[in-house]
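Summary of the model geometry
Spelled out from the first residue to the last, the chains are:
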Amino acid sequence: MPSNGKSIYLDHAATTPVLPEVVSAMSNVMCIDFGNPSSRHGAGLAAEEHLDRARGVIARHLDVSPDQIVFTSGGTEANALALLGTARLQRKGGHMLISAIEHPSVLRTARLLAGQGFSLEELPVTGGGVVDPSTVKDRLRRETFLVAVMHVNNETGIRQPVEEIGHLIKEHDPRCRFLVDAVQSLGVLPTRLDVLGADLLSVSGHKIHGPKGVGCLVLGREVRLAPLWGGGDQERGLRPGTENVPGIVGLAKALELCRPEVASVASYTTHLLTEIQRRAPHAYALGDPARRVPHILGLAVPGLPSEVLVHWLEERGVLVSSGAACHSRKSLRSHVLTAMGVPPDHGVVRLSFGHTTTEADVRRAATLIAQGLAALASVHPSLVSRR
Ligand SMILES: Cc1ncc(COP(=O)(O)O)c(C=O)c1O
């Protein structure tokens, strides 16, 4: 731990601290205007007003109309609703193209559908971590009803050419749906449906300094879905269940507070890389540099197991991830790194920044990572041999 006892949190792609303004907006609808938005008395109407206002804020931000938003319990459920809700309106045998680097909430849901009679093809990526639009074009079939390519990969920070892919899908067949998981790009890159060429867009609150357990699926005007379960008429029957008003209000407030200060964050990544590579020239950033977003950096180190550096840094108060949060508890090799062909003995740590990251944090982390790589070289012979 640093002498001030505070750790430096560089794992915002896993989750972010909730901003105080968000907590205060949520607390109001939890304790004061706490009614059920379906109740017709004053308390219910007040809650309904908060819900409508929040939906309006999110709709304006994404440039859609409020009825194009379906609130969910987060990015995972938004992706599940997009895939399962679309597939349920299709005949068995229909074909899906899903990128091999999707979040498990997309990839594993698509694999479930493959076990139920749908046909699934996983789209490969280049060594730079990018889905090549020409691969999508070659694999689109008459029966293809759904394509999923995420906006920004959560492990590498590589932005995918979704605009181009969206365009060629529509040229191929306007009825084919395009799902873009925008969980890691919301608030940083433009995430408008029409700009991305998407029919379905999934977002999550806790990656943008909002609460956990809330997100939404944004639907194109023409998109029809089947609900995943029965219940009341909430969310136009597409997602029945009493609305998570505090979560939804928190999500809207967090979105209002997003300030995509990409320029300064870009200098964080540059500083980190320069400083680290000065002391450890064998370390490198994953993925195509022209497509790297500034707030997520996948740092690869040949010969060093990721966990060793992650623990070394944690002992010194710097919190980073050894990959996606959902992989890092199991020591499985990430499907993203495998798809990119990153050699198995290249350890990868992910550094990701948020609104609360300061330049001082980044400078300190850069120095410590560089020191760590130098120190660990003496105990990891495979690392020494590459220096
Ligand atoms: C790209 C991506 N999609 C979906 C999710 C799932 O979102 P949630 O945690 O809100 O379920 C995550 C979370 O890490 C993610 O990174």
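Everything below is about the structure shown above.
Below is a summary of the structure that appears in this document. These numbers were taken from a predicted model, which means no experiment stands behind them.

The strand order across the open sheet built from three strands is 9-10-12, with neighbouring strands paired in antiparallel fashion. On the outer flanks of this sheet lie strand 9 (284-285) and strand 12 (346-352), each paired with one strand and no other. The pairing of strand 10 (residues 296-302) with strand 12 spans seven bridges and is antiparallel. Bridge pairing links leucine 299 to valine 349 in strand 12.

Position of alanine 198 among the secondary structure elements: in the loop between helix 7 (193-196) and strand 7 (200-204). Along the primary structure alanine 198 and arginine 141 are separated by 57 residues, whereas in three dimensions their C-alpha atoms are 18 Å apart. When residues no more than four places from it in sequence are discounted, the contact partners of alanine 198 are Phe178, Val180 and Leu193.

Relative to each other, helix 2 (residues 42-62) and helix 8 (residues 245-257) sit at 35 degrees, their axes nearing to 9 Å. Judged by the twist between their axes, the crossing of helix 2 over helix 8 is left-handed. Contact residues: Ala47, His50, Leu51, Ala54, Val57, Ile58 and His61 in helix 2; Val245, Ile248, Val249, Leu251, Ala252, Leu255 and Glu256 in helix 8. Looking at the contact of helix 2 with helix 8 residue by residue, the class counts come to eleven nonpolar, two polar and one charged.

Not every positive phi belongs to a glycine, and aspartate 63 is a case in point at roughly 60 degrees. Relative to the helices and strands, aspartate 63 is located in the loop between helix 2 and strand 2 (69-72). On the basis of relative accessible area, aspartate 63 is assigned to the partly exposed category, the value being 46%. For histidine 209, which is not a glycine, the phi torsion comes out positive at approximately 70 degrees. Along the polypeptide, histidine 209 turns up in the loop between strand 7 and strand 8 (215-219).

This part is about the pattern of salt bridges. Under the counting rule described, the total for this entry stands at 18 salt bridges. As a salt-bridge pair, glutamate 48 and arginine 40 come within 3.3 Å of each other at their nearest N and O atoms. By relative accessible area, which is 27% here, glutamate 48 ends up partly exposed. In this structure arginine 40 comes out as exposed when scored by relative accessible area, which is 52%.

What follows deals with the packing of helix 1 (residues 20-31) against helix 8. In contact at an axis separation of 8 Å, helix 1 and helix 8 are set at 155 degrees when each is read in the N-to-C sense. On the basis of the axis angle, helix 1 is roughly antiparallel to helix 8. In this structure, the crossing between helix 1 and helix 8 has a hand that is right-handed. From helix 1, Glu21, Val22, Ala25, Met26, Val29 and Met30 reach across to helix 8, where they touch Val245, Pro246, Gly247, Val249, Gly250, Lys253, Ala254 and Leu257.

As a structural note, the neighbourhood of the ligand is formed by 14 residues, with Gly75, Thr76, Asp181, Ser204 and Lys207 the closest of them. Between threonine 76 and the ligand, the recorded distance is 2.7 Å, taken from a side-chain N or O atom to an oxygen atom. In the model, an oxygen atom of the ligand is placed 2.8 Å from a nitrogen or oxygen of the glutamine 184 side chain. For the ligand, whose accessible area on its own is 390 Å², the fraction buried by protein is 87%.

A complete count under the given rule lists two aromatic pairs for this structure. Ring geometry for tyrosine 268 versus phenylalanine 353: centroids 5.7 Å apart, planes at 80 degrees, classification edge-to-face. Remark: phenylalanine 353 occurs in the loop between strand 12 and helix 13 (359-377) and tyrosine 268 occurs in helix 9 (residues 262-279); sequence separation between them is 85 residues. Both residues of the pair, tyrosine 268 and phenylalanine 353, belong to the buried class. Cation over ring: arginine 316 sits above tryptophan 312, and NZ or CZ is 3.6 Å from the ring centre.

Let us look at helix 10 (residues 306-315). Considered for burial, the residues of helix 10 that qualify are Ser306, Leu309, Val310, Trp312 and Leu313. The buried residues of helix 10 occupy one face: seen down the axis, they fall within an arc of 165 degrees. Check the buried side of helix 10 and you find it contacts strand 11 (318-319), strand 12 and helix 13. Glycine 317 occupies a position one or two residues after helix 10 and carries a positive phi of about 90 degrees.

As defined by bridge partners, strand 3 (residues 95-99) adjoins strand 4 (residues 119-123) across five bridges and the pair is classed as parallel. Looking at strand 4, one finds that histidine 95 is bridged to serine 119. Following the chain from strand 3 across helix 4 (residues 104-114) to the adjacent parallel strand 4, one finds a crossover that is right-handed.

Reading across the sheet, the seven strands line up as 2-8-7-6-5-3-4 and stay open at both edges, with mixed pairing between neighbours. At either margin of the open sheet sits one strand with a lone partner, and together these are strand 2 and strand 4. Neighbour to neighbour, the strand axes of the sheet diverge by 20 degrees on average, direction disregarded. Together, strand 2, strand 3, strand 5 (144-148), strand 6 (177-181), strand 7 and strand 8 form the strand contacts of helix 3 (residues 75-87), whose direction differs from that of strand 7 by roughly 160 degrees. Taken strand by strand, helix 4 contacts strand 3, strand 4, strand 5 and strand 6, and its axis lies near 155 degrees from that of strand 3.

The rules behind the values
Residues numbered from 1 in each chain as written. Predicted model: local features only at pLDDT ≥ 70, side-chain atom pairs only at ≥ 80, totals over all residues. Heavy atoms only, no water. Pairing = 2+ DSSP bridges. Helix = DSSP H or I, 4+ residues; strand = E, 2+ residues; numbered from the N terminus. Contact = heavy atoms within 4.5 Å. Axes fitted to C-alpha atoms, helices over the stretch in contact; angles between N-to-C directions. Left-handed = near helix turned anticlockwise from the far one by under 90°. Nonpolar A, V, L, I, M, F, W, Y, C, P; charged D, E, K, R; others polar. Buried < 20%, exposed > 50% of the residue type's maximum accessible area, 1.4 Å probe, protein only. Salt bridge = Lys/Arg side-chain N within 4 Å of Asp/Glu carboxyl O. Parallel < 35°, antiparallel > 145°, perpendicular 65-115°, else oblique. Near = heavy atom within 4 Å. Polar contact = N/O pair within 3.5 Å; in protein donor to acceptor, adjacent residues only side chain to side chain. Areas by Shrake-Rupley, 256 points an atom, 1.4 Å probe, with all protein chains shown as cover. Phe/Tyr/Trp six-rings, centres within 6.5 Å; stacked < 30°, edge-to-face > 60°. Lys NZ or Arg CZ within 6 Å of the ring centre and 35° of its normal. Arc of directions from axis to C-beta. Right-handed = clockwise from strand over helix to strand, strands pointing away.

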